[in-house]
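# Structural overview
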Amino acid sequence: MLAATVIQYGPAEFRCSAASALHVIAAAIDPGTLTTARGALESLMRISPVEFGRGIDHPNRILRQHMQGLRRDYYGWLGPHNFGTRPIANYHGPTAAIPSTARRPAHG
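This report concerns the structure included in the present document. (Residues numbered from 1 in each chain as written. Predicted model: local features only at pLDDT ≥ 70, side-chain atom pairs only at ≥ 80, totals over all residues. Heavy atoms only, no water.)

### Focus on the packing of aromatic side chains
Inspection of every chain in the model, using the stated rule, returns one aromatic pair. On the basis of an interplanar angle of 75 degrees and a centroid distance of 5.1 Å, the ring pair of Tyr74 and Tyr75 is categorised as edge-to-face. We classify Tyr74 as partly exposed; its relative accessible area is 39%. (Phe/Tyr/Trp six-rings, centres within 6.5 Å; stacked < 30°, edge-to-face > 60°. Buried < 20%, exposed > 50% of the residue type's maximum accessible area, 1.4 Å probe, protein only.)

### What to know about helix 3 (residues 38–45)
Every α-helical turn comprises 3.6 residues, leaving residues that sit three or four positions apart pointing alike. Residues Ala40, Leu41 and Leu44 constitute the buried set of helix 3. Mapping the buried residues of helix 3 onto a view down its axis gives an arc of 105 degrees, with all of them on the same face. At its buried positions, helix 3 is contacted by helix 2 (12–28), helix 4 (49–52) and helix 5 (57–77). (Helix = DSSP H or I, 4+ residues; strand = E, 2+ residues; numbered from the N terminus. Arc of directions from axis to C-beta. Contact = heavy atoms within 4.5 Å.)

### Regarding helix 2
End to end, helix 2 covers 25 Å across 17 residues, agreeing with the expected 24 Å (1.5 Å per residue, within 8%). Within helix 2 the residues assigned to the buried category are Ala18, Ala19, Leu22 and Ala26. The buried residues of helix 2 occupy an angular sector of 110 degrees when the element is viewed end-on, so they sit on one face. Residues of helix 2 that are exposed and point more than 90 degrees away from the buried face comprise Glu13, Ser17, Val24, Ala27 and Ala28. Buried-residue contacts for helix 2 involve helix 1 (2–9), helix 3, helix 4 and helix 5. (Expected span 1.5 Å × (residues − 1).)

### A word on empty space enclosed by the protein
By rolling a water-sized probe across the atoms, one finds the places where empty space is left. Summed over all chains, the structure comprises one cavity of 30 Å³ or more. For the largest cavity, the calculated volume is near 50 Å³. Forming the walls of the largest cavity are Ala19, Leu22, His23, Ala26, Leu44, Met45, Ile47, Ser48, Pro49 and Phe52. Those elements that place two or more of their residues in the lining of the largest cavity are helix 2, helix 3 and helix 4. Per-element tally for the lining of the largest cavity: the top contributor is helix 2, with four residues. Among the residues forming the lining of the largest cavity, the class breakdown is eight nonpolar, two polar and no charged. (1 Å grid on protein atoms, 1.4 Å probe; cavity = no way out; pocket = protein on both sides within 12 Å on 5 of 7 lines; lining within 4 Å. Points joined across faces, edges and corners; volume = space filled by probe spheres on them. Nonpolar A, V, L, I, M, F, W, Y, C, P; charged D, E, K, R; others polar.)

Read these as geometric descriptors, not functional statements.
What follows is the structure, given as structure tokens:
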């Protein structure tokens, strides 16, 4: 999300770096876990990160389609659980954080 936001709305000098990061992240996504976003992911992987810095509409349109598809897939997988209608088997919620034993430095 952060890389996509920088690509869409961030300063021009950071768009190519954000697109490179997005490309690495997208390559790590298992397409088998996607239903809606699979086509957009495949299209996104065919676009060079350099294209996002050129200000043309095609890469940005594909990126928007991919992000919208990921959102639909998220709600498809976890939405029912989040809204309490169909919990995922063996999911017991987030794991409690272990409190830090590090001592804070004294102030003043």
